Structures are given as C-alpha cells and as structure tokens.
Amino acid sequence: MDHLALRDVTFIGRLSRKGSHAASTGGPSGITNLMRKHLGLMALGLAVLPSCQEGEILAPDAPIAPENEITEPGVLASGYGIPDAIAVIGEEEFLFAERSGALHHYVGGEVTRIAGIPESRTVDVYGGLLDVSLHPDFEDNRLVYIAYNDAAFGLAVARFEFRDDRARNLEVIYESSDFSIGSRIAWEDASRFFLSFGVGGSPYPSPGPQDLGSDLGKIHRLTADGGIPPDNPLLPGASAPSTIWSYGHRNPQGLHYDAAQQTLYESEHGPMGGDELNIITAGGNYGWPLFSYGLNYDGTPVSDMTEEEAAAVSILPAKFWGPDFRVAPSGLLLVENGSFLLGALNPQHLLRYDPATDETEIVLTRVGRVRDVAQLPSGKLLISVDAGSPNPSRSGRIIELSPAGELP
Ligand SMILES: [Ca+2]
C-alpha cells in the first residue's frame, strides 16, 4: 500500500470512532435490555460493541432514492439495509441475505423476496441473518443453507429446498443457545461444511473462545445434515469429537475453502486493530483472547503475552493488520492469482491482499461497507454494501464489478 492510501485509512479510522460512539447511544434500549436478560455477560459485551470497528457515519449528503441508485454504474439492486451475504447461482442469478432476516432472489434485474424464511433477531446492527450458501450439488438438489440468530437469540443453521421463490421442507439442522455476531458457511465438499461463530468482547474479552464447552469463538465443522463428522478433531480433555474444528477465534466474518489446496482460510476482526487472516487447521487454537496484535477499545493491551509466548500455545495469524490500519474484514474470496478480495468495514474499501508479496491494496476506495464478495461464472465480481455507507443517504446495494474489481 502506498503512503497516501495509508494516511487516508488512518484519518478515516479516527472519524469513524467518533461516529460509531454517537451511533452506540442511539440503539433501541428495549432490545438491549432483553438481550441482557437473555445473555447476561454476553449481552454486556454486545452493548459496548458499537464502539468496535464496524460502525461509522460520515458527513451527511442529499438523500439518494433507491430507484436513482439503481442507475449508477454497476448497481444491480438497491434499497436494502445490511446485505450481509451473496450466494451466486448463475451469471444473472444470485441470492442475497439482509441482516434483518430477508432473503432475496435476483434474476436478470428482478428481485423477489423468498417466502418461508424463519425469523432472525438482531441487536442494533449485530446478528440477524448472517449467511446464505448453496449446497455444492444445488443444481440437482436445490438445497440452500442459511446461518442466522433465531427467535431465542441463538445461532441456527437451516436448510431448505429453493423452489418457486419459496423455502420448502425447511429443517433447522444446527442450533446453539449462544448469539453469534458474525457467521459464515464454507463447504469442504458435498457432505461437510464449516461454520464460523463470532464473539465480540471488549473491554473484557469473553473466555468463550478458549472454552471447549462453549460454541462461541469457534469454527465448527458439520455434516450436510448438521451432524458431527467422525473425523473431527479430538480436543484436549474430550473423549469424542464435537462440532469444533478450531477455537480461539474472535469474530470471523470471512471464510473461504480452497478445494484445490484443501485449505480453509478465515478472516476475523480483532478488537482495536489486530484483524487477522488465518489458515485453519484441525484442532488449532487461534489465540483469542490470550493474545492479539490489537488493543482493547480503551487502549490497554489485550494481554501481557509476548508474540513468542503466544506462538508456543496458539497458531499465529498468517497475516495481521495492526492498530495503524483497522480493517474490520468482512467477506473473503480467493481469486485466481492467489490473492484475496475482502471488504474493509472500517475504512469502507474493497481490499486485495496478496500473500506472495504481503501487500494490501485498495481496489475500490470508500465504496462503502463491503459485507461480502462473490464471483460470477464469467469472473466478474459482486459486492454487497451497507446502507448508510459511504454516507447516510445511501441504501444497501449489490454492485457488479469487473474481474479486476473495477466499477463498470
Ligand atoms: Ca488469533
């Protein structure tokens, strides 16, 4: 990254903290109180989360009606809230999920809301409907999987047959009593998938990610029916495999399985800085909250552990971004040349990270809070962008980009 770009990012980061603090006082207290009741300490963690890297509101601008946004270069659909996830069906067809719980079907310029989707719960902007993913044999079986926080504020995975814009024969195949602030589904093959389970935790990190009896802060590996694959790792102190594939994660909002290399890649939010790209191995401890390259939101260290000490008890990230460049990564896509595309919620860029050179490049500057990145069969890209970004007049939208990530 060049120096100009880095300065730009740092400056926006400062603005963002102010904006997000203001936003955190405006949440619906009724919901927050309900969450406290349901979730105790976890809810207290959530109550301070709006000071994390996701929230930022910049200078106001004249409102733009969704029908006018749609005429902008690349905008395929607009008028939405937080479109957290995209699942591509074909060149002119995809599904996209809003945090609010709506699942939509785009075909050649027309968008239809899919009926029969279970209710999702959010707390402020957190939680809700987090991911949508097609079964690898979707063309034959029409199976779609969704990850969402259900009516009881616990993470659930449901699958259904997608026919005639309806969810048919819906089954809940995974249910946790814990709330996830970020979850992604990534398929290993037609019989197994990975599910990330996010936790916040500032200024007092939750012990959940290190607790092998808790679902929080983990990457789970499930069978296509929601069962425990018999070859899942045997974790310390356990007598049988569980759904846990790896642990010590904070808030993984990017998950990509590369079948060619048989490698699972994950990106997660650190606290203030300390965002990570990890290569996930079975049974691995990824260190949160024992160690982080970021800081607590009050500026104090997450722990006294040195990098060397952390390396002895956990797996250090393949890449981290420190407090000087707060990314807040969302969405993760490995593209042909071995680099990754990811959204940066905090500075509101689309980024490319190249592991070969260790360079982070801004592909689209200030495009808005990019939640997900997906690829069409032609190689063109789709990104989903939050309402209110890069300024409050904007609605949530889906934008088509060239294979290189340029606006048309
Ligand atoms: Ca880590």
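Rules of the game
Residues numbered from 1 in each chain as written. Predicted model: local features only at pLDDT ≥ 70, side-chain atom pairs only at ≥ 80, totals over all residues. Helix = DSSP H or I, 4+ residues; strand = E, 2+ residues; numbered from the N terminus. Contact = placed C-beta atoms within 7 Å. Core = buried A, V, L, I, M, F, W, Y, C linked by C-beta atoms within 7 Å. Buried ≥ 20, exposed ≤ 12 C-beta atoms within 10 Å, placed from the backbone. Pairing = 2+ DSSP bridges. Axes fitted to C-alpha atoms, helices over the stretch in contact; angles between N-to-C directions.

Participant: An account of the environment of Gly-284 is needed here, citing residue identities and associated values.
Facilitator: Within the secondary structure layout, Gly-284 lies in the loop between β18 (275–280) and α6 (307–313). For the pair Gly-284 and Ser-246, spaced 38 residues apart in sequence, the C-alpha to C-alpha distance is 4.9 Å. If near-sequence neighbours (up to four positions away) are discounted, Gly-284 is found in contact with Ser-246 and Ile-315.

Participant: I'd like a rundown of the environment of Leu-364, residues and numbers included.
Facilitator: Its location among the elements puts Leu-364 in strand β23 (residues 359–364). Residues Leu-364 and Leu-350, spaced 14 residues apart in sequence, show a C-alpha to C-alpha distance of 5.0 Å.

Participant: Explain the nonpolar core to me, using residue names and the numbers behind them.
Facilitator: The biggest cluster of nonpolar side chains holds 86 residues, and the ones touching the most others in it are Ile-146, Phe-194, Leu-195 and Ile-383. Among the elements that take part in this core, strand β10 (residues 155–163) stands out by supplying six residues, more than any other. Leaving out residues up to four positions away in the same chain, Leu-195 has contacts with Ala-147, Val-157, Tyr-174, Ser-183, Ile-185, His-220 and Leu-222.

Participant: Any chance you could break down unusual backbone geometry for me, citing the residues and the numbers?
Facilitator: Note the cis peptide between Trp-288 and Pro-289, where omega equals -5°. One can find Pro-289 in the loop between β18 and α6. At Asp-358, a position not held by glycine, the phi torsion is positive, near 60°. With 9 C-beta atoms packed within 10 Å, Asp-358 lands in the exposed category.

Participant: Break down the sheet that holds strand β12 (residues 185–189) for me, citing the residues and quoting the values.
Facilitator: Spatially, the four strands line up as an open sheet ordered β12-β13-β14-β15, and their pairing is antiparallel. Two strands lie at the open edges of the sheet, namely β12 and β15 (244–247), each paired on one side alone. With strand direction ignored, the average angle separating the axes of adjacent strands in the sheet is 20°. Bridge count for strand β14 (residues 218–223) against β15 is three bridges, and the pairing is antiparallel. Bridge pairing in β15 links Lys-218 to Tyr-247.

Participant: Provide a residue-level description of the pairing of strand β17 (residues 263–269), including the pertinent values.
Facilitator: Within β17, six of the seven residues are buried, which leaves the element mostly enclosed by the surrounding structure. As judged from the seven bridges shared by strand β16 (residues 251–258) and β17, these two strands associate in the antiparallel manner. Bridge pairing in β17 links Gly-254 to Ser-267. Counting the residues in the hairpin turn of β16 and β17 gives four residues, including Gln-262, whose phi is positive at 50°. As defined by bridge partners, β17 adjoins β18 across five bridges and the pair is classed as antiparallel. Along β18, the bridge assignment pairs Glu-266 with Asn-278. Taking the residues that link successive antiparallel strands as the turn, the β17-β18 hairpin has five residues, and the phi of Gly-273 there is positive, at about 80°.

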